Amino acid sequence: MSITSIKFIVFVLFNVGVYHLCNDILKKILLIIIGIVFYTSFNLYGTIYLIFISLWCYFISKKITKNKMIFLNILILSTLVFFKTSTYLEIIGISFISFKIMSYVVDKYNGKIKNENLIDYFCYVSFFPVITAGPIIRYNDFVYKTDISYSDIKSGFILFMMGLFEKMVIVLRINEIVSSIYSIKELSSSYYFLAVIFYSFQIYFDFDAYSNMAIGISKMFGYDLKPNFNTPYLARNFSDFYRRWHISLSSWFKDYVYIPLGGNRKGKINKYANILIVSLLSGLWHGFSFSCLIWGLLHGVFQIINDKMRINNFMGVITTFLLVTFSWIFFRNGIDVALFVLKKLFELNFTKIDTNILNINPMDFNITVIFLFGMIILDFFRNKYNVLMWLNKRNIFVRWFIYILLVFCFMIFGKYGINYSASDFIYQTF
């Protein structure tokens, strides 16, 4: 059941209504049922794995020791590697599930989790808005808001619709252009520069869209999750970028890998070694391929360079964006394609972009560029203000004008219709 499908929207709204008619215990049981039904819609094997690994870790962690903690983490990592490398059994979102359970096991060992019960735990593990593509929530952050109001539900729904707008109006349009360029060989450098820049925005807005939708749905069910993105392409250096990009994953690696390895407490050499280890593990988390390893290694090298010569001005923003964009070339493509793209870029053979070559309507191309610039401007706004809080402070006429305008754009410019197919998000494959 794709999160962008009409079926899913009806599924969410129906269950929100039923959910708020239940008492607290029934709400948690209902959430577990919803999570299992939703996850089973992707793959029955995934649900069987989720139930098995969750219960196994829960009961062993009841009387946790260091050896049990190590054993459980090795077990989770082993199954993660097995399913990530399997060509027959694919489990959607297994990396997110694995890291969520591992954080529970480690926090349980460190005494950070107390008075948990099986229903709360399984509600946490199977929470459907984040089960396929995050954010990676911690057990202690998964707290039900008992005094949820109509305003909370409304804000959650608006955030969900804003994410859906990002996906349907922005991301799918950009993807059409990027995919078209990569499907044609021997184009000029102009096309590949366009594809590389566009893909950088595609993956950002794709995951930002999913995070907004997941956080919005969670809010409708009474759970306030932390933001997962904070305008990362406005970061002034690479360290700042990691504080803004995929925040739940970056903080997970910091708390459960970087700091336990010693962090920056044992001198520069150990600090840089730890940065490289975390970066390479992050690459493997995204995919067991040589190109993902290169992507992770590049991010590690960029962080080390950043530590040596940090730039904290507008040039730092431009430099960080270009370095991140460069690394995405390896992230999206196999090593052969990535090297081919680099070769085409360095040819510096610039020509005018002809949309007819790409089989794309010129009007569609122009609309995509306009909306992309609109999202970039919005990011400057989001860097200063909380959009939902700003919107709630406007008078009713301004608010409804914006709502109607967004609905109009969504209906007119969204990528759906006769040939529409509800699209999965990039990060669901991790």
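Residues numbered from 1 in each chain as written. Predicted model: local features only at pLDDT ≥ 70, side-chain atom pairs only at ≥ 80, totals over all residues. Heavy atoms only, no water.

Visitor: I tried to follow the overall build of the chain on my own but got confused; where do I start?
Guide: Looking only at helices and strands, the chain features 17 helices and zero strands. A compact globule built from 430 residues would reach a C-alpha radius of gyration of about 22 Å, and the chain, at 22 Å, matches this within 12%. Out of the 430 residues belonging to the chain, those deemed buried represent 54%. Sequence separation of at least 24 residues holds for 75% of the intrachain contacts in the chain that already meet a minimum separation of 6. Of the roughly 20300 Å² that the chain leaves accessible, carbon and sulfur atoms contribute 67%. (Helix = DSSP H or I, 4+ residues; strand = E, 2+ residues; numbered from the N terminus. Rg over C-alpha atoms; globule rule 2.2 N^0.38 Å. Buried < 20%, exposed > 50% of the residue type's maximum accessible area, 1.4 Å probe, protein only. Contact = heavy atoms within 4.5 Å. Areas by Shrake-Rupley, 256 points an atom, 1.4 Å probe, with all protein chains shown as cover.)

Visitor: What is the right way to read the packing of aromatic side chains from this model?
Guide: Remark: the centre distance and the inter-plane angle together describe each pair of aromatic rings, the angle taken between the planes. Taken as a whole, this structure holds 57 aromatic pairs when the rule is applied. The interplanar angle of 45° and the centroid separation of 5.1 Å between the aromatic rings of W252 and Y256 together place this pair among those described as tilted. Of the two residues, W252 and Y256 both sit in helix α10 (residues 247-258), four residues apart, roughly one turn of that helix. Seen in terms of ring centroids, F381 and Y385 are 5.0 Å apart; in terms of plane orientation they differ by 35°. Their pairing is tilted. Take F381: its relative accessible area is 26%, and that puts it in the partly exposed class. You can call Y385 partly exposed: its relative accessible area is 48%. The ring of Y124 is capped by K100, whose NZ or CZ atom sits 5.5 Å from the centre of that ring. (Phe/Tyr/Trp six-rings, centres within 6.5 Å; stacked < 30°, edge-to-face > 60°. Lys NZ or Arg CZ within 6 Å of the ring centre and 35° of its normal.)

Visitor: In this structure, what is going on with the environment of S183? I would like to understand it.
Guide: Looking at the secondary structure, you find S183 in the loop between α7 (150-182) and α8 (189-220). Assessed through its relative accessible area of 55%, S183 is described here as exposed. Each C-alpha atom of the pair S183 and T47 lies 35 Å from the other, and the pair is 136 residues apart in sequence.

Visitor: How should unusual backbone geometry be read in this particular structure?
Guide: Glycine aside, a negative phi is what most residues show, and trans is what most peptide bonds show. A cis amide bond, omega 0°, links G134 with the succeeding residue P135. Structurally, the position occupied by P135 is in the loop between α6 (118-125) and α7. For N115, which is not glycine, the phi dihedral falls at a positive 60°. Look at N115 and you get exposed, because its relative accessible area is 77%. The phi dihedral of N359 is positive, around 60°, even though this residue is not glycine. As for its position among the elements, N359 is in the loop between α14 (335-346) and α15 (362-382).

Visitor: What's the story with the state of the cysteines in this structure? I'm lost.
Guide: What makes a disulfide is a covalent bond joining the sulfur atoms belonging to two cysteines. Evaluated as defined, the whole model comprises zero disulfides. Free cysteine: C22, not disulfide-bonded; nearest cysteine sulfur from C123 at 12 Å. (Disulfide = S-S within 2.5 Å.)

Visitor: Explain the pattern of salt bridges to me, please; I cannot follow it from the model alone.
Guide: Pairs can form between side chains of opposite charge once their charged atoms are near each other. Evaluation of the coordinates by the stated rule reveals 16 salt bridges. Between D206 and K167 there is a salt bridge whose closest N-O contact spans 2.6 Å. Of this pair, D206 sits in helix α8 while K167 is found in helix α7, placing the two residues 39 residues apart along the sequence. Residue class for D206 comes out buried when judged on its relative accessible area of 2%. Between K343 and E347 there is a salt bridge; the shortest N-O distance is 3.0 Å. A relative accessible area of 48% means that K343 is categorised as partly exposed. The network of salt bridges with common partners includes K145, D152, K219 and D224. (Salt bridge = Lys/Arg side-chain N within 4 Å of Asp/Glu carboxyl O.)

Visitor: I keep staring at the layout of surface pockets and nothing clicks. Help me out?
Guide: The rolling of a water-molecule-sized probe over the atoms marks out the regions of remaining empty space. As a volume, the largest pocket reaches approximately 1100 Å³. Considering the residues around the largest pocket, the lining is formed by 31 residues, among which M162, L391, I402, Y403 and L406 are closest to the centre. Listed by contribution, the elements that provide at least two residues to the lining of the largest pocket are α7, α15, α16 (387-392) and α17 (396-413). Looking at the lining of the largest pocket element by element, the count peaks at ten residues for α17. Of the residues contributing to the lining of the largest pocket, the split by class is 25 nonpolar, two polar and four charged. Its boundaries defined by the atoms lining it, the second largest pocket holds a volume of some 710 Å³. Every residue lining the second largest pocket is counted, 29 residues in all, and those nearest its centre are S239, Y242, S250, K254 and Q303. Sorting the residues of the lining of the second largest pocket by element identifies α9 (238-244), α10, α11 (268-286) and α12 (290-308) as the ones contributing at least two each. Sorting elements by how many residues they give to the lining of the second largest pocket places α10 first, with seven residues. For the lining of the second largest pocket, the class distribution of residues is twelve nonpolar, eleven polar and six charged. (1 Å grid on protein atoms, 1.4 Å probe; cavity = no way out; pocket = protein on both sides within 12 Å on 5 of 7 lines; lining within 4 Å. Points joined across faces, edges and corners; volume = space filled by probe spheres on them. Nonpolar A, V, L, I, M, F, W, Y, C, P; charged D, E, K, R; others polar.)

Visitor: How should the nonpolar core be read in this particular structure?
Guide: One recurring pattern in soluble globular proteins is that nonpolar side chains are buried together. Ranked by size, the top nonpolar core spans 136 residues in total, and within it F8, F128 and Y233 carry the most contacts. Tallying contributions element by element places α8 first for this core, with 18 residues. (Core = buried A, V, L, I, M, F, W, Y, C linked by side-chain atoms within 4.5 Å.)

Visitor: Mind showing me how you'd approach α14 here?
Guide: Helical geometry note: an α-helix holds 3.6 residues per turn, so side chains three or four residues apart project in the same direction. Between its terminal C-alpha atoms α14 stretches 17 Å, which fits the 16 Å expected from twelve residues at 1.5 Å a residue. Taken together, the buried positions of α14 are A338, F340, V341, L342, K344 and L345. In the core, the buried residues of α14 are packed alongside α7, α8 and α13 (314-332). Directly beyond the C-terminal end of α14, a positive phi value near 55° is found at L348. (Expected span 1.5 Å × (residues − 1).)

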